[in-house]
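Report on the structure
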Amino acid sequence: MGVPFLDLKTQYLAIKEEILAAVSGVLESTQYVLGSEVAAFEEEFAGYCGTRYGVAVNTGTSALHLALLAAGVGKGDEVITVPFTFVATAAAIVYAGATPVFVDVDPVTYTMDPDRIEAAITSKTRAILPVHLYGQAADMNAIREIADRHGLLVIEDACQAHGAEYRGRRAGSMGALGCFSFYPGKNLGAYGEGGIVTTDNPEFARTVRMLRDWGAEKKYHHTLKGFNYRMEGIQGAILRVKLRYLEAWTEARRANACAYMDSLENSGLTLPVEAPGNRHVYHVYAVLTQQRQELMDALNARGIQTGIHYPIPVHLLPAYSDLGYKSGDFPISERVACEELSLPMFPEMTKDQIAQVSAAIFEFSHAYQS
Ligand SMILES: Cc1ncc(COP(=O)(O)O)c(C=O)c1O
């Protein structure tokens, strides 16, 4: 018994034959880095997102780094983003030579609060980098309207939001550039590391394509100072197989979220809210509770694994203390960081597993109240 936080093995077993054939094809072809499988995946994933181009790279962090560089972000520039995210969002801005400027998140969706953006814009601001946290798109119309008014580019951190939609548009297709991660636990995960940049802009696509492969379009003719950020052939082939299942897996996640919603309605937990017009893809099923540690311990004692995404907002991480922020600067991010608990969520979850999690939560809350 017990419920894992996620179960990559069950998913692998369901598609094992196709995966082995795809991997074997790459081994036979010897196209181990980039190659035809990666090129085909780029086209298929761009099509899935509704963009003209997709440029595959080795991680989501690299996708963010190169998207920022292609957008012209560099030394002395500021990029507005959120402190309540995985550290990679801010790290990529620093890699590009720029400074992250944080704005707090919305208390209901935990994504960038558009009402706080304008106060953070300075003459150095170059871009806005919202994060589609947990699989739910940020309020992109409001963000893009502000960006347009101030002549800024919007780059989407869609690393957790494969297939998420905002008013009918897919994540990765609403900013000038979109960035995805294919880390194994993501909704679309490689069997290793991976990432991609999506865009409609041919110049951005061309620049990212060059930068990921040492800044050269022609071997040894290095036009730009580039990087070795290429996707491996095996990952491209695996991702092509898995992309065919992504919609079914997403619908399974959404059904699991509905089941959680029904069973946890009176649990006292704050449940995730799907904003009107959004398609939340539940990369993370995040609840809030003031008894987080106690609930985590109680679930753990029943073999139910949980996670915290994320316990410390980036502005309070020692690594980013040089940005000069302090406790109290972003109260919503700080509160959510203290109260957030991620329940098990994966497409292959059974009704029984969801029932086990909710029964354990109710058992805990009755015991806690008495
Ligand atoms: C919001 C966010 N941004 C960026 C990244 C970085 O992606 P990767 O781990 O593939 O470098 C992640 C992945 O963990 C993420 O969740």
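The sections below set out a description of the structure shown in this document. Bear in mind the structure is a predicted one, so any value in this text is a computation, not a measurement. (Residues numbered from 1 in each chain as written. Predicted model: local features only at pLDDT ≥ 70, side-chain atom pairs only at ≥ 80, totals over all residues. Heavy atoms only, no water.)

With that settled, consider the sheet that holds strand β12 (residues 278-279). Whenever strands of a sheet pair, they do so through backbone hydrogen bonds, lying parallel or antiparallel. Pairing in this open sheet of three strands is antiparallel, and the strands run β7-β6-β12 from one edge to the other. The open sheet has two edge strands with one neighbour each: β7 (169-170) and β12. Sheet analysis places strand β6 (residues 165-166) next to β7, joined by two bridges and oriented antiparallel. For Glu 165, the partnering residue across the bridge sits in β7 and is Arg 170. (Pairing = 2+ DSSP bridges. Helix = DSSP H or I, 4+ residues; strand = E, 2+ residues; numbered from the N terminus.)

Before going further, it helps to spend a moment on the site of the ligand. The immediate surroundings of the ligand are formed by 16 residues, with Gly 60, Thr 61, Asp 157, Ser 181 and Lys 186 found nearest. At 2.8 Å, a side-chain N or O of Asp 157 approaches a nitrogen atom of the ligand. Between an oxygen atom of the ligand and a side-chain N or O atom of Ser 181, the distance comes to 2.7 Å. Surface burial for the ligand is 92%, taken as the share of its 390 Å² of free accessible area covered by protein chains. Those elements giving two or more residues to the shell around the ligand turn out to be α3 (60-70) and α4 (88-95). No other element matches the three residues that α3 contributes to the shell around the ligand. (Near = heavy atom within 4 Å. Polar contact = N/O pair within 3.5 Å; in protein donor to acceptor, adjacent residues only side chain to side chain. Areas by Shrake-Rupley, 256 points an atom, 1.4 Å probe, with all protein chains shown as cover.)

Running from N to C, helix α9 (residues 292-301) and helix α11 (residues 351-369) point in directions that differ by 125 degrees, and their axes come no closer than 10 Å. When the axes of α9 and α11 are compared, the pair comes out oblique. Judged by the sense of rotation from one axis to the other, the crossing of α9 with α11 is right-handed. Across the interface between the two elements, Glu 294, Leu 295, Ala 298 and Leu 299 of α9 pack against Val 357, Ala 360, Ile 361, Phe 364 and Tyr 368 of α11. Taken together, the residues of the contact of α9 with α11 sort by class into eight nonpolar, no polar and one charged. (Axes fitted to C-alpha atoms, helices over the stretch in contact; angles between N-to-C directions. Parallel < 35°, antiparallel > 145°, perpendicular 65-115°, else oblique. Left-handed = near helix turned anticlockwise from the far one by under 90°. Contact = heavy atoms within 4.5 Å. Nonpolar A, V, L, I, M, F, W, Y, C, P; charged D, E, K, R; others polar.)

Before going further, it helps to examine α3. When you tally the buried positions in α3, you get nine out of eleven residues, the bulk of the element. Regarding α3, the residues found buried are Gly 60, Ser 62, Ala 63, Leu 64, His 65, Leu 66, Ala 67, Leu 68 and Ala 70. In the segment just after α3, Gly 72 is the residue with positive phi, at about 90 degrees. (Buried < 20%, exposed > 50% of the residue type's maximum accessible area, 1.4 Å probe, protein only.)

Soluble, globular proteins show a tendency: their nonpolar side chains are buried together. Ranked by size, the top nonpolar core spans 32 residues in total, and within it Ile 80, Phe 84, Met 112, Ile 117 and Ile 143 carry the most contacts. Taken together, the elements giving at least two residues each to this core come down to α5 (140-150), β13 (285-288) and α10 (331-339). Here this core gets four residues from one element, more than from any other, and that element is α5. Apart from the residues lying within four places of it in its own chain, the contact partners of Ile 80 are Val 101, Val 103, Met 112, Ile 117, Ala 120, Ile 121, Thr 125, Ala 127, Ile 128 and Leu 129. (Core = buried A, V, L, I, M, F, W, Y, C linked by side-chain atoms within 4.5 Å.)

The N-to-C vectors of helix α1 (residues 8-29) and helix α7 (residues 233-243) enclose an angle of 140 degrees; their axes lie 9 Å apart at closest approach. Overall, the two elements α1 and α7 adopt an arrangement that is oblique. Considering the relative orientation of α1 and α7, their crossing is right-handed. Of the residues in α7, those touching α1 at Gln 11, Ile 15, Glu 18, Ile 19, Ala 22, Val 23, Val 26 and Leu 27 are Gly 233, Ile 234, Ala 237, Ile 238, Val 241 and Lys 242. Here the contact of α1 with α7 is composed, by residue class, of ten nonpolar, two polar and two charged.

Let us now look at the sheet that holds strand β9 (residues 195-199). Pairing within the open sheet is mixed, and its seven strands lie in the order β1-β9-β8-β5-β4-β2-β3. With one partner strand each, in any of the chains shown, β1 (53-57) and β3 (99-102) form the two edges of the open sheet. Neighbour to neighbour, the strand axes of the sheet diverge by 25 degrees on average, direction disregarded. Sheet topology note: the strand β2 (residues 78-81)/β3 ladder contains four bridges and is parallel.

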